[in-house]
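Notes for the structure review
Residues per chain, in single letters:
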Amino acid sequence: MRTTMTDVGEARVHHAEVGAGTPVVVLHGMGVDHREPAAALEPVLGARTGYRRLYPDLPGMGGTTAPASVASSDDVVALLADWLDATLGDAHVLLVGHSYGAYLARVLAGRRAGRVDGLALLCPAGARSRDVPARVVLHEEPGADDGLDPAAAEQYRDYFVVRTAATRRRFDEAVQPGAASLDLPALERIAGPWEPDETGLAPLEVPVLVVAGRQDSSVGYAAAWDLVERYPRATFAVLDRAGHALLHEQGPLLGALVDEWLDRVEEDRATR
């Protein structure tokens, strides 16, 4: 992947990208960086031709700075909108978000609706959750967390409901590195005014995918269903054997859903 730093106002936005063609902008969740969704989604996105995948780091995470002027989720959405304009001009895009990144993606999509040809929301966070299930462990291989320091082991156990050699590798390679280099004061500042302004968002009548984990003890799955009524072209799926780390616990099934979403996007774009 090639990497780029872009000055946007007082912030410097770092993103990694690969491929050429229709831009697909992928937003990660809180407390990690671009490497987490890239590790999970590149196997499916990279298997198709004609897509330029862009993975920005959110402010205070990865290589993106968080100046004092970025003091809320609303400021993050505004920064992403400006970055989108600076990086891609008026090109049409697809937006993908995981967790907090899904929250940002759907608000950004509403503010740039004329340019967004598809939206995928994975384990979406929102203003509030409801009916969140209790934390469970569905499958655990012996020794899955061996060798982790106590803090990392707790993070791994909190995040994964499926604990195997494969999810441990993904944690080591794509989750923990981003979690180890955070601007914590900036994240606390941004998370304070949690809800971005959703008034006046334009309707989005393009192919949408909403995927939630049945065992997601962070945001649950019930509130994700509430989003479906906003999108007349939405597919909704709740996956068993998946928590908030669904990206890593149900990779092949998620890949099939994303692949079908891209088929719908391409069909819809061809008829315009």
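Throughout what follows, the structure given in this document is the object of discussion. The residue numbers shown here count from 1 along each chain, following its written sequence. Reporting of local features is limited, given that this is a predicted model, to residues whose pLDDT is at least 70; pairs of side-chain atoms are given and counted only at 80 or more, and all residues count toward the totals for whole chains, interfaces and linings. In computing side-chain values, all of the structure's heavy atoms are included and hydrogens and water are not.

**Things to note about unusual backbone geometry**
If you check the backbone angles, Ser99 has positive phi at about 60° while not being a glycine. By the element assignment, Ser99 lies in the loop between β5 (93-98) and α3 (100-111). Non-glycine residue Arg241 carries a positive phi angle of around 60°. Accessible area is worked out with a 1.4 Å probe on protein chains only. A residue is then buried under 20% of its type maximum, exposed over 50%, and partly exposed in between. Looking at Arg241, the relative accessible area reads 32%, which means it is partly exposed. Each helix is a run of DSSP H or I of at least 4 residues and each strand a run of E of at least 2, with the numbering of both proceeding from the N terminus.

**A short note on the packing of helix α4 (residues 150-159) against helix α5 (residues 165-179)**
Each pair of packed helices gets described by two things: the angle between the helix axes and the distance between those axes. Between α4 and α5, the least distance of the axes is 11 Å, while the angle of their chain directions is 115°. Classified by the interaxial angle, the pair formed by α4 and α5 is roughly perpendicular. Judged by the sense of rotation from one axis to the other, the crossing of α4 with α5 is right-handed. Across from Ala152, Gln155, Tyr156 and Tyr159 in α4, the residues of α5 making contact are Thr167, Arg168, Phe171, Val175, Gln176 and Ala179. Three categories are distinguished: nonpolar for Ala, Val, Leu, Ile, Met, Phe, Trp, Tyr, Cys and Pro, charged for Asp, Glu, Lys and Arg, and polar for the others, with Gly belonging to the last. Broken down by class, the residue content of the contact of α4 with α5 amounts to six nonpolar, three polar and one charged. Every axis corresponds to a line fitted to the C-alpha atoms, with the helix fit spanning only the stretch in contact, and the corresponding angles, defined between N-to-C directions, vary from 0 to 180 degrees. Orientation categories follow fixed angle ranges, with anything under 35 degrees roughly parallel, anything over 145 roughly antiparallel, 65 to 115 roughly perpendicular, and all other angles oblique. Left-handed describes a crossing whose near helix is turned anticlockwise from the far helix by less than a right angle; the clockwise case is right-handed. Contacts are residue-level and defined by heavy atoms, with any inter-residue pair within 4.5 Å sufficient.

**Let's talk about the pairing of strand β1 (residues 2-8)**
Here β1 runs beside strand β2 (residues 11-18); their pairing, made up of seven bridges, is antiparallel. Paired with Thr6 across the strands is Val13, a residue of β2. Two strands pair if DSSP finds at least two bridges between them.

**A short note on the sheet that holds strand β3 (residues 22-27)**
Taking strand neighbours across the sheet as the criterion, the eight strands line up as β1-β2-β4-β3-β5-β6-β9-β10 in an open arrangement whose pairing is mixed. With one partner strand each, in any of the chains shown, β1 and β10 (234-239) form the two edges of the open sheet. Along the sheet, successive strands turn relative to each other by an average axial angle of 20°, direction set aside. In terms of strand pairing, β2 meets strand β4 (residues 51-56) through four bridges, oriented antiparallel. Counted as the bridge partner of Ala16 is Tyr55 from β4. Across the sheet, helix α1 (residues 35-45) is in contact with β2, β3, β4, β5 and β6 (116-122); its angle to β4 comes to roughly 175°.

**Re the packing of aromatic side chains**
Working definition: a ring pair exists when centres of Phe, Tyr or Trp rings (six-membered ring for Trp) sit within 6.5 Å. Plane angles under 30 degrees give stacked, over 60 give edge-to-face, the rest tilted. For the coordinates displayed, the defined rule picks out seven aromatic pairs. Between Tyr103 and Trp194 the ring centres are 5.9 Å apart and the planes differ by 45°, which places this aromatic pair in the tilted class. Here Tyr103 is found in helix α3, whereas its partner Trp194 is found in the loop between α6 (184-191) and β9 (208-213), with 91 residues between them in sequence. Under the relative-accessibility criterion, Trp194 is labelled partly exposed at 24%. The interplanar angle of 40° and the centroid separation of 5.0 Å between the aromatic rings of Tyr156 and Phe160 together place this pair among those described as tilted. When its relative accessible area of 1% is taken as the criterion, Phe160 is described as buried. An aromatic cluster of three or more residues is present, and its members are Tyr156, Tyr159, Phe160 and Phe171.

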